[in-house]
Amino acid sequence: MTKSLEDLKAAFAGESQANRKYVAFARKADQEGHPQVARLFRAAAEAETVHAINHFIAMGEVKSTAENLQTAVAGEHYEAATMYPDFLKDANAEDDKKAIRTFSYALEVEKIHEQLYTEALANLGKETEEYDYYVCPVCGYTHPRNAPERCPICNAPAERFIHIK
């Protein structure tokens, strides 16, 4: 691996983390009644996304939709089969309730993501129905077509789900 590729990977990881961090900071600023600071954090988060995507493209990681779906299936499978089960063992050993909750939520949702990506890959190129998705803001549960009455993972009500068009 070249030094430039190593640097692109590090920059992609850093910019991706900065985006998520700034989104979390924006939510907190909104909760604390600082809307202008929240806007600044959201603007910076969007800029970090631009940087991350540019780095990811420069690395040659954006391929055909079929290849991207295969990559997504493999990534979600790894997270559900290996990564989160291992993380849960560690969190349980340390009795870290917050880590246990967030890892448990993520584990269950990654299984669903793997299934959704697998279905999308199987249907790629076929004429299929178009529909929206709904994402639980508590655990990330992702559901096609409409929000369930309650999240099957964390029990959040339907009205809290984020509508993804």
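Look up a bit, the structure's there.
Small disclaimer: the values here were computed from a predicted structure and weren't measured.

Oppositely charged side chains can form a pair if their charged atoms are brought close together. Scanning all chains against the criterion turns up six salt bridges. With a closest N to O distance of 2.8 Å, Arg 42 and Asp 30 form a salt bridge. Note that Arg 42 is positioned in helix H2 (residues 35-58) and Asp 30 in helix H1 (residues 3-31), a separation of twelve residues in sequence. Judged by relative accessible area, Arg 42 falls into the partly exposed class, the value being 39%. A relative accessible area of 40% means that Asp 30 is categorised as partly exposed. Among the ionic pairs, Arg 145 bridges to Glu 129, the shortest N-O distance being 3.0 Å. Highlighted residues: Arg 145 in the loop between strand E2 (142-144) and strand E3 (162-164) and Glu 129 in the loop between helix H4 (97-123) and strand E1 (133-135), separated in sequence by 16 residues. Of the residues examined, Arg 145 reaches a relative accessible area of 44% and is grouped as partly exposed. Accessibility expressed as a relative area gives 48% for Glu 129, which makes it partly exposed.

Thresholds, definitions, all that
- Residues numbered from 1 in each chain as written.
- Predicted model: local features only at pLDDT ≥ 70, side-chain atom pairs only at ≥ 80, totals over all residues.
- Heavy atoms only, no water.
- Salt bridge = Lys/Arg side-chain N within 4 Å of Asp/Glu carboxyl O.
- Helix = DSSP H or I, 4+ residues; strand = E, 2+ residues; numbered from the N terminus.
- Buried < 20%, exposed > 50% of the residue type's maximum accessible area, 1.4 Å probe, protein only.

By themselves these figures say nothing about function.
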